[in-house]
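# Examination of the molecular architecture
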Amino acid sequence: IGQPFIQAVPVLQLIEDAGFEAYFVGGSVRDHILGREISDVDIATSALPEELKRIFPKTNDVGIEHGTILVHYKGEHYEITTFRSEENYTDFRRPDKVSFIRSLNDDLQRRDFTMNAMAMDKEGNIIDPFAGKEAINKKEIVTVGNPDERFGEDALRMLRAVRFQSQLSFSIGKQTLVSLAANCHLLENIAVERKTVEFEKLLMGPGLSEAVQLLANSGMIQYLPGLKGHRDEVIRFSTHLRGNFQLAESWVLLVFELGLKDKEIEEFLREWKLPVQKIKRIKHIHALLLHRLKNEWNPELVYNAGLEVAISAEIVFASLQDIDTSTEKIRELHEVLPIKHRKELNVTGNDVMDWLDKQPGPWLREYLEEIERSVIYGIVPNEKEKIKEWLNASNLRSEKN
Ligand code: ATP
Ligand code: MG
């Protein structure tokens, strides 16, 4: 078994020494069987949070009302959750009440998909009451028990199914798929933030195109922010998506295919509750993409965009044109730029005001921009004296005086 498990074995041992059961559970066990890299391990136990606190001196109550505490042990921390069952889902999302239980099996039964409902003990034995291993072998996502019931309990599971499809390149089991299409209206009850998390994970998975198509064809997009009624656009989006896209690039492609304009882009991305910085970046790349659809790259464009944003715009551009991405030209243009940022310009507004003996005003900005442009294009070297001479000699002064 992998390193993260080995490191955590003493934690299981300590819980067992105190007379309780403890297992690895959830995504880490699934990924272990899949041979995927494991980041952090989740642990489930028959011990109650209070009982765990007696075993481990250093803990945090991260989600104690759901039975989860964070245990610090030898410089690492572990999320440990008491076995629980969930009952009475009256609002299609979280259960009204969780009950702590002493049975591993019942804990596994409340989990979403069979591949996520396995446990592993400290010797590496797999406990698999719902044939999760078999589902993994068949690359199938199947709910534990009746999908209508399970999606009715928590509608987010439908989006989780599609994001796992993308992340693992699995397919969704037949019955689960039918149920998903029938129940997608229940997504109305789910908070946008939770949808966004799943959607972005979906966009980062290798199977993103198929997963986006499923969102469109199942009707799930009707219940995603700003996508209602845009099946055709979303399908077009899916066909241009590429596996190596960064998240921002996928968002740019999406707003492009939706045909959104400046203010609409902002509104759309706000509906998804994306952070302001991210929205800014997406809008920036989108603006460059529009440029690129009409023009070739030039030094000024690359300078204003910055290397990373320019490359992102080119990547989306290439996918729209169905051509291979080539960022060579952008890199070359950027490489030979005499300055990469305004702050590298060896002239300040004060210099220019001094030289011309003028008060500040709108003219100054125009002058500085003209100087900047001339430096970018190599018309004048980025040296204070040379720029002064050039400014005196050029007709810029006479024109604008
Ligand atoms: P990832 O690799 O993305 O973390 P994961 O399977 O670990 O995938 P988590 O959201 O971390 O997913 O959840 C951990 C485990 O908790 C899942 O494997 C599953 O057993 C259970 N689980 C999570 N969300 C739900 C849910 N909405 N309904 C039922 N069980 C869930
Ligand atoms: Mg996890």
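Quick caveat: nothing in here was measured; it's all calculated off a predicted structure.

## A few points about the packing of aromatic side chains
- All chains considered together, the criterion is met by 10 aromatic pairs.
- Ring centres of Phe5 and Phe24 lie 4.7 Å apart, and the angle between their planes is 65°; on these two criteria the pair is classed as edge-to-face. Residue Phe5 is found in helix H1 (residues 3-17), and its partner Phe24 is found in strand E1 (residues 22-25); the two are separated by 19 residues along the sequence. Per residue, the accessibility class of Phe5 equals that of Phe24, and both read buried.
- Aromatic side chains Tyr23 and Phe83 sit 6.4 Å apart centroid to centroid with 25° between the ring planes, which places their arrangement in the stacked category. Of this pair, Tyr23 sits in strand E1 while Phe83 sits in the loop between strand E5 (76-82) and strand E6 (84-87), and the two are 60 residues apart along the sequence. Each member of the pair, Tyr23 as well as Phe83, carries the same accessibility label: buried.
- Against the face of Phe164 rests Arg163, its NZ or CZ located 4.2 Å from the ring centre.

## Describing the packing of helix H11 (residues 231-240) against helix H12 (residues 247-257)
- Between H11 and H12, the shortest axis-to-axis distance is 9 Å and the interhelical angle comes to 140°. Our classification of the angle between H11 and H12 gives oblique. Once H11 is placed against H12, the crossing between them reads as right-handed. The segment H11 lies against H12, with Glu233, Arg236, Phe237 and His240 engaging Ser250, Leu253, Leu254 and Glu257.
- Considering only residue class, the contact of H11 with H12 consists of three nonpolar, two polar and three charged.

## Observations regarding the domain arrangement of the protein chain
- Examined at the domain level, the protein chain breaks down into domain 1 (1-131), domain 2 (139-241), domain 3 (246-337) and domain 4 (343-400).
- The straight-line distance from the C-alpha centre of domain 2 to that of domain 3 is 26 Å.
- Ranking the residues of domain 2 by area buried against domain 3 places Glu200, Phe237 and His240 at the top, with a combined share of 35%.
- Along the contact surface separating domain 2 from domain 3 lie two salt bridges.
- The partner of Arg236 in a salt bridge is Glu257, with the nearest N and O atoms 3.0 Å apart.
- Counting across the domain 2 and domain 3 interface gives seven residue pairs in polar contact (both at pLDDT 80 or more).
- Every element with two or more residues in the side of domain 2 that touches domain 3 is listed here: helix H9 (192-203) and H11.
- Among the elements that line the side of domain 2 that touches domain 3, the one with the most residues is H9, at seven residues.

## As for the sheet that holds strand E9 (residues 126-127)
- Here we have seven strands laid out as an open sheet, ordered E3-E4-E5-E2-E1-E8-E9, and mixed in their pairing. With partners counted over all chains shown, the strands left at the sheet margins are strand E3 (59-63) and E9, one partner each.
- Pairing of E3 with strand E4 (residues 68-73), which is carried by three bridges, proceeds in the antiparallel orientation. Within E4, the residue paired with Asn60 across the bridge is Leu70.
- Contacts between H1 and the sheet are confined to E1, strand E2 (42-45), E4, E5 and strand E8 (119-120), with E1 contributing the most and set at about 145° to the helix.
- Against the sheet, helix H2 (residues 27-34) contacts E1, E2, E8 and E9, and its axis sits at roughly 65° relative to E1.

Cut-offs used in this document
- Residues numbered from 1 in each chain as written.
- Chains lettered and ligands numbered in written order.
- Predicted model: local features only at pLDDT ≥ 70, side-chain atom pairs only at ≥ 80, totals over all residues.
- Heavy atoms only, no water.
- Phe/Tyr/Trp six-rings, centres within 6.5 Å; stacked < 30°, edge-to-face > 60°.
- Helix = DSSP H or I, 4+ residues; strand = E, 2+ residues; numbered from the N terminus.
- Buried < 20%, exposed > 50% of the residue type's maximum accessible area, 1.4 Å probe, protein only.
- Lys NZ or Arg CZ within 6 Å of the ring centre and 35° of its normal.
- Axes fitted to C-alpha atoms, helices over the stretch in contact; angles between N-to-C directions.
- Parallel < 35°, antiparallel > 145°, perpendicular 65-115°, else oblique.
- Left-handed = near helix turned anticlockwise from the far one by under 90°.
- Contact = heavy atoms within 4.5 Å.
- Nonpolar A, V, L, I, M, F, W, Y, C, P; charged D, E, K, R; others polar.
- Domains from an automatic or database assignment.
- Buried area = accessible area lost by both parts, 1.4 Å probe.
- Salt bridge = Lys/Arg side-chain N within 4 Å of Asp/Glu carboxyl O.
- Polar contact = N/O pair within 3.5 Å; in protein donor to acceptor, adjacent residues only side chain to side chain.
- Pairing = 2+ DSSP bridges.

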